[in-house]
Amino acid sequence: MAQILVRYKVRPDRVAENEKLVRAVYEELAVTQPGGLRYATFKLDDGVSFAHLAITGDGPNPLAQVAAFRRFQERVAERCEEQPVATTLSDIGSFRLFGKLP
């Protein structure tokens, strides 16, 4: 299993565009329902920084097969003030990180 956190900062005038592209990814994921993937995107308090958390099974990352994700990546460098940095995470523990709270 791979756990990857990607963080970046977009230019203030590109926030809406970035959010639109991210939402398109989730729309496609809702339709295609790829297995072996947990994925979340967050906008940070400053309003221009974003963090994506992907948890995948063994093998290729299912996001690579999502057309909307490829469109999101195409011009990400142009949208960014600070380029994406990917960090591999090592799980120590979690408690109800995803899913409905009881």
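The structure under discussion appears in the preceding block.
An account of the accompanying structure is given in this report. Computed from a prediction, not measured in an experiment: that's the story for all the values here.

Attention now moves to the packing of aromatic side chains. Overall, the coordinates contain 5 aromatic pairs when judged by the stated rule. Between the aromatic rings of Y26 and Y39, the centroid separation amounts to 5.4 Å while the plane-to-plane angle is 20°, which identifies the pairing as stacked. Of the two residues, Y26 sits in helix α1 (residues 15-32) while Y39 sits in strand β2 (residues 37-43), which places them 13 residues apart along the sequence.

Quick look at the packing of α1 against helix α2 (residues 67-74) now. The geometry of α1 relative to α2 is characterised by a closest axis approach of 8 Å and an angle of 160° between their N-to-C directions. It follows from the interaxial angle that α1 and α2 lie roughly antiparallel. The crossing of α1 and α2 is left-handed. Across the interface between the two elements, N18, L21, V22, A24, V25 and E28 from α1 touch A67, A68, F69, R71 and F72 from α2. Split by residue class, the contact of α1 with α2 holds 8 nonpolar, 1 polar and 2 charged.

Residues Y8, V25, L29, Y39, L63, F69 and F72 are the most contacted members of the largest nonpolar core, which totals 18 residues. Listed by contribution, the elements that provide at least two residues to this core are β1 (2-10), α1, β2, β3 (49-56) and α2. Broken down by element, this core gets its largest block of residues, 4 residues, from α1.

What counts, and at which threshold
- The residue count restarts for each chain, going from 1 along the sequence in the order it is written.
- Confidence filtering applies because this is a predicted model: local features only for residues at pLDDT of at least 70, side-chain atom pairs given and counted only at 80 or more, and all residues used for totals across whole chains, interfaces and linings.
- Hydrogens and water molecules were not included; the side-chain quantities draw on all heavy atoms of the structure.
- Planes of paired rings set the category: under 30 degrees apart is stacked, over 60 is edge-to-face and the rest tilted, where pairs are Phe, Tyr or Trp rings (Trp by its six-membered ring) whose centres lie within 6.5 Å.
- Helix and strand definitions follow DSSP, with helices as H or I runs of at least four residues and strands as E runs of at least two, each counted in order from the N terminus.
- Note on geometry: axes are lines fitted to C-alpha atoms, helical ones only across the stretch in contact, with angles between N-to-C directions running from 0 to 180 degrees.
- In what follows, roughly perpendicular refers to angles from 65 to 115 degrees, roughly parallel to angles under 35, roughly antiparallel to angles over 145, and oblique to any angle outside these ranges.
- It is the rotation of the near helix from the far one that decides the hand of a crossing: anticlockwise by less than a right angle makes it left-handed, clockwise makes it right-handed.
- Two residues form a contact once any of their heavy atoms are found within 4.5 Å.
- Residues are grouped as follows: nonpolar covers Ala, Val, Leu, Ile, Met, Phe, Trp, Tyr, Cys and Pro; charged covers Asp, Glu, Lys and Arg; every other residue, Gly included, is treated as polar.
- Nonpolar cores were defined as sets of buried Ala, Val, Leu, Ile, Met, Phe, Trp, Tyr and Cys residues, with membership established by side-chain atoms within 4.5 Å.
- Working definition: with a 1.4 Å probe on protein chains only, accessible area under 20% of the residue-type maximum means buried, over 50% means exposed, and in between means partly exposed.

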